[in-house]
Amino acid sequence: MEMYLISAGDGGGRRTSTGWSSTRRLLWVSAERDASGAPLVTRSPRPRRKSWPLKRGFRAAGRKYRQLSDLQTAETDADFIYRDCYGREVLLVLERFPCFDSFDALYEDRFERWYLICENGVLTQVKYTDETNYIEVCEDVAELEYSVWRELRRLGWHMLRDDG
């Protein structure tokens, strides 16, 4: 049975290298509904997090990657959707570091990068922040930063369209 992401409401928030980020809790639901309109199947994610040294490779969604660029080995017809070195679809969400004045806006070129892999009703997030020496991997993501959630909604990526 195919499962889709919906929001289960506001999350607890998360400390990031650029400050604090609000989050959205996730829930997996089936498109099939019962007589009352509720999904036939729901599943709450059970996240597992691990940090990996930047230069040593990492594991994500059951596969080993030598470097971050292995997540973007081929472009697709859609913006910010790539194929990884295994041929799996990867969504890239970029967020520029905060800019507080015109000088920042001219010279700030650092980003937070979220690479998302959705496979068999499980969302894996690989996160890298420029100028850090580690990669964060979360298997079976339970909460997403709001900016990432907003981009998933905009694209309708593995989501039901009627979700708020």
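Everything below is about the structure shown above.
The model shown is predicted, which means the values in this text are computed figures rather than measured ones.

Student: Explain the pattern of salt bridges here, please?
Tutor: Proximity of charged atoms lets side chains of opposite charge pair with each other. Counted according to the given criterion, the structure contains nine salt bridges. We note a salt bridge from R24 to D10, for which the minimum N-O separation is 2.7 Å. Residue R24 is located in strand β4 (residues 23–30), and its partner D10 is located in strand β1 (residues 3–10); the two are separated by 14 residues in the primary sequence. A salt bridge links R154 to E151, with the nearest nitrogen and oxygen atoms 2.7 Å apart. With R154 and E151 both in helix α2 (residues 146–155) and three residues apart, this pair spans about one turn of that helix.

Student: Can you help me understand a nonpolar patch on the surface in this one?
Tutor: On the surface, M1, L40 and V41 cluster together into a nonpolar patch covering about 300 Å² of accessible area. Positionally, V41 belongs in the loop between β4 and β5 (42–43).

Conventions we followed
Residues numbered from 1 in each chain as written. Predicted model: local features only at pLDDT ≥ 70, side-chain atom pairs only at ≥ 80, totals over all residues. Heavy atoms only, no water. Salt bridge = Lys/Arg side-chain N within 4 Å of Asp/Glu carboxyl O. Helix = DSSP H or I, 4+ residues; strand = E, 2+ residues; numbered from the N terminus. Patch = residues over 30% accessible without salt bridge, like charges linked within 9 Å, V, L, I, M, F, W, Y side chains within 5 Å. Areas by Shrake-Rupley, 256 points an atom, 1.4 Å probe, with all protein chains shown as cover.

Interpretation in functional terms is not warranted from these geometric data alone.
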